[in-house]
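# Chain and residue survey
Chain residues, written in single-letter form:
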Amino acid sequence: MALRTLAQAHGTPLFVYSKAAMLHALAAYQRGFAGRNAQICYGMKANSTLGILQVFAAAGCGFDIVSSGELARVVAAGGDVKKVIFSGVGKTRVEMRGALTAGIGCFNVESEAELDVLSEVALELGLRAPVSIRVNPNVDPKTHPYISTGLKGNKFGVAHSDALRVYRHAASLPGLNVVGIDCHIGSQITEVTPYLDAMDRVLDLVDAIEAAGIPIAHIDFGGGLGIDYHGDTPPAADQLWRQLFAKIDARSHSGKKIMIEPGRSLVGNAGVCVSEVIYLKPGEQKNFCIIDAAMNDLPRPALYQAFHAIVPVSITNKTAATYDVVGPVCESGDWLGRDRELNVAAGDFVAVLSSGAYCMSMASNYNTRGRAAELLVDGDAVRVIRQRETVQDQMRGEQLV
Ligand code: LLP
């Protein structure tokens, strides 16, 4: 169905996702993992809308979660709790208790303090928590500094040089059951080398940890594979994994289960955000194309200077001009695209591309703007997977003094 028709029927801003595109992206990983003992855990922070989770759950995916809220979403979407891994540097006791009681597959622990607390919480429940320790391989993923996580000096993981000692400590705690090793080096990675280097560093540790008598059953290699926003050329997931498995096999670790946590690469290019042009505003230095989507719907340009292609939804014969595409939010940082050539008029629709990942899941209510509606297109079927948020929805829970 035409985006224009959907926008007219459901209003704008409107996120539209393609189920086929999501499954197509997943298939590249599945090809890479064919014949292997492997588990794909969708990094659901990229897009945690229930209808999206349902698609991945039905396709056999587990989930990488970072909060008890995300666990509740997995359950609500019918996901398999045993295939859930819990990442993040700040898990609370309450969150640990909930995840242990639910019976999740593994905790990716990020510090010694967290190991101690998790062991205590598990013992209180008469359980043993399955754990991996997230190690920091200290390789440069060559991506935006805000989304680079595997270098020394950021808050994630345990230093490579300290990992063996921390593993020994974990193995000594009565409430823990050490099952794996974990790493995640960053996001929107478009090169193979950082992954190959990280795998080498992780396998070095696996050798050392096993030599110390602590068996490692799985390697969780995180997510991070990039997508094409603007001529980016990330490796295909199956190609990347062919090279990674060559390394794993060459170093005699073929028997280990492989887990991954891809987010963006599964959904990023499966979604667009359709928005209406409200005004064209010519200026002395710049022309502005003011649309009804804003930084609260699409925060990536304001946060990371990220590029999203913006295209008219219908081809028109108007004269093109160069615009900064901006939203109605009262901030100069509220821009969605700079110096874009567009042939549009007020009332036309534009689509902001590559909006499936880290857009709705990072959306806010700034300026008391309701969050957009979301549709999932599945062949000829169009399903509303999130209704447009009303101002009443936004004020729920607030009280006058
Ligand atoms: N696993 C862990 C432990 C993570 O921290 C992340 C993302 C993922 C998996 C999924 O990574 P992906 O495959 O999506 O790259 N908001 C930023 C991206 C933040 C990524 C945070 N961690 C953006 O819009 O670019």
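Every value quoted in this text rests on a predicted model; they were computed, and no experiment measured them.

## A word on the site of the ligand
- Near the ligand, the surroundings consist of 16 residues, among which Ser187, Glu261, Arg300, Tyr304 and Tyr358 are the closest.
- The separation between an oxygen atom of the ligand and a polar side-chain atom of Arg300 is 2.6 Å.
- Contact between the ligand and Tyr304: a nitrogen atom at 2.7 Å from a side-chain N or O atom of the residue.
- If the ligand stood free it would expose 590 Å²; the protein chains cover 92% of that surface.
- In terms of residue class, the shell around the ligand is made up of five nonpolar, five polar and six charged.
- In terms of domain composition, the shell around the ligand takes at least three residues from each of domain 1 (3–14 + 269–388) and domain 2 (19–266).

## Some details on the domain arrangement of the protein chain
- The assigned domain composition of the protein chain is domain 1 (3–14 + 269–388) and domain 2 (19–266).
- Averaged C-alpha coordinates put domain 1 and domain 2 at centres separated by 33 Å.
- When domain 1 packs against domain 2, close to 1800 Å² is buried across both sides, 57% of that on carbon and sulfur atoms.
- Applying the counting criterion to the domain 1 and domain 2 interface returns one salt bridge.
- Across the pair Lys19 and Asp378 runs a salt bridge, and its minimum N-O distance is 3.5 Å.
- For the interface between domain 1 and domain 2, the tally reads ten residue pairs in polar contact (both at pLDDT 80 or more).
- Of all the secondary-structure elements, those providing two or more residues to the side of domain 1 that touches domain 2 are helix H11 (300–304), strand E17 (373–378) and strand E18 (381–386).
- At four residues, E17 tops the list of elements feeding residues into the side of domain 1 that touches domain 2.
- For the side of domain 1 that touches domain 2, the per-class residue count stands at twelve nonpolar, six polar and four charged.

## Comments concerning the packing of helix H8 (residues 193–211) against helix H9 (residues 237–250)
- Relative to each other, H8 and H9 sit at 25°, their axes nearing to 10 Å. The orientation of H8 relative to H9 falls into the category roughly parallel. Handedness of the crossing formed by H8 with H9: right-handed. In this structure, H8 uses Tyr195, Leu196, Met199, Asp200 and Leu203 to contact H9, whose residues at the interface are Leu240, Trp241, Gln243, Leu244, Lys247 and Ile248.
- Taken together, the residues of the contact of H8 with H9 break down into eight nonpolar, one polar and two charged.

## Focus on the layout of surface pockets
- Taken as a whole, the second largest pocket encloses approximately 340 Å³ of empty space.
- Along the walls of the second largest pocket sit 19 residues, with Ala25, Ala28, Gly226, Ile227 and Ser265 positioned nearest its centre.
- Elements that contribute at least two residues to the lining of the second largest pocket include exactly helix H2 (19–32) and helix H10 (264–267).
- At six residues, H2 tops the list of elements feeding residues into the lining of the second largest pocket.

## Describing the packing of H2 against helix H3 (residues 50–58)
- Following both chains from N to C, one finds H2 and H3 inclined at 45°, their axes separated by 11 Å at the closest point. Between H2 and H3, the crossing angle belongs to the class labelled oblique. Helix-helix and strand crossings are classified by hand; for H2 and H3 the assignment is right-handed. Only Ile52, Val55 and Phe56 of H3 make contact with H2, whose side of the interface consists of Lys19, Met22, Leu23 and Leu26.
- The class makeup of the residues in the contact of H2 with H3 is six nonpolar, no polar and one charged.

## Some points on the environment of Arg165
- Relative to the elements of secondary structure, Arg165 occurs in helix H7 (residues 163–172).
- By relative accessible area, Arg165 is classed as partly exposed at 42%.
- Between the C-alpha atoms of Arg165 and Glu112, which are 53 residues apart in sequence, the distance is 10.0 Å.
- Separated by 3.0 Å, the side chains of Arg165 and Asp162 make a polar contact.

## Considering the pattern of salt bridges
- Within this structure, the stated rule accounts for 23 salt bridges.
- Of the charged contacts, one joins Asp200 and Arg251 as a salt bridge, the two residues approaching to 3.4 Å between their closest N and O atoms. You can see Asp200 sitting in helix H8 and its partner Arg251 sitting in the loop between H9 and strand E10 (257–260), a full 51 residues away along the chain.
- A salt bridge links Arg251 to Asp204, with the shortest nitrogen-to-oxygen separation between them at 2.7 Å.

## Comments concerning the packing of aromatic side chains
- A full pass over the atoms with the stated rule returns nine aromatic pairs.
- Considering the side-chain rings of Tyr42 and Phe63, the 6.3 Å spacing of their centres and the 70° angle between planes classify their relative orientation as edge-to-face. One end of the pair, Tyr42, is in strand E2 (residues 38–43); the other, Phe63, is in strand E3 (residues 62–65), and 21 residues separate them in sequence.
- Among the aromatic side chains, those forming a connected cluster through ring pairs are Phe33, Tyr195, Phe221, Trp241 and Phe245.
- Over the ring of Trp335 we find Arg338; its NZ or CZ atom is 4.2 Å from the centre of that ring.
- Stacked on the ring of Phe307, the Lys or Arg Arg340 has its end atom at 3.9 Å from the ring centre.

Definitions and limits used
- The numbers attached to residues start from 1 for each chain and follow its sequence in the written order.
- A pLDDT threshold of at least 70 governs which residues receive local features in this predicted model, and a stricter bar of 80 or more applies before side-chain atom pairs are shown or counted, although totals over entire chains, interfaces and linings include all residues.
- For the side-chain quantities, the full set of heavy atoms in the structure was used; hydrogens and water were omitted.
- Nearness of a residue to a molecule or strand requires only that one of the residue's heavy atoms be within 4 Å of it.
- Within 3.5 Å is the distance limit for a polar contact, defined as a pair of N or O atoms, with the added protein rule that one can donate a hydrogen and the other accept it, and that residues adjacent in sequence qualify only through two side-chain atoms.
- The protein chains shown are the only cover counted for residues, whose accessible areas, like all others here, come from Shrake-Rupley with a 1.4 Å probe.
- By the convention adopted, Pro, Cys, Tyr, Trp, Phe, Met, Ile, Leu, Val and Ala count as nonpolar, Lys, Arg, Asp and Glu as charged, and the other residues, Gly among them, as polar.
- Domain ranges listed in this record stem from an automatic or a database domain assignment.
- Take the accessible area each of two parts loses on contact, using a 1.4 Å probe, and add the two losses: that sum is the buried area.
- A pairing counts as a salt bridge when a side-chain nitrogen of Lys or Arg comes within 4 Å of a carboxyl oxygen of Asp or Glu.
- Numbering of helices and strands starts at the N terminus; helices are DSSP runs of H or I of at least 4 residues and strands are runs of E of at least 2.
- Helix axes use the C-alpha atoms of the stretch in contact, all axes being lines fitted to C-alpha atoms, and the angles between their N-to-C directions lie in the range 0 to 180 degrees.
- Roughly parallel means an angle under 35 degrees; roughly antiparallel means over 145; roughly perpendicular covers 65 to 115; every other angle is labelled oblique.
- Helix crossings get a hand from a simple test, with the near helix turned counterclockwise from the far one by less than a right angle marking a left-handed crossing and a clockwise turn marking a right-handed one.
- Residue contacts are defined here by distance: any two heavy atoms, one from each residue, within 4.5 Å place the two residues in contact.
- Buriedness for pockets is judged along seven lines, at least five of which must meet protein on both sides within 12 Å for an open set on the 1 Å grid over protein atoms alone, while cavities are sets there where a 1.4 Å probe fits but cannot get out, and lining residues have an atom within 4 Å of a point.
- Grid points are joined across faces, edges and corners, and a volume is the space filled by probe spheres set on the points.
- Exposure classes here rest on a 1.4 Å probe applied to the protein chains alone. A residue is buried below 20% of its type maximum, exposed above 50%, and partly exposed in between.
- Here the aromatic set is Phe, Tyr and Trp, taking the six-membered ring for Trp, and pairing holds for ring centres within 6.5 Å; pairs whose planes are under 30 degrees apart are stacked, those over 60 apart are edge-to-face, and all others are tilted.
- For a Lys NZ or an Arg CZ to count as sitting over a ring, it must be within 6 Å of the ring centre and within 35 degrees of the ring normal.

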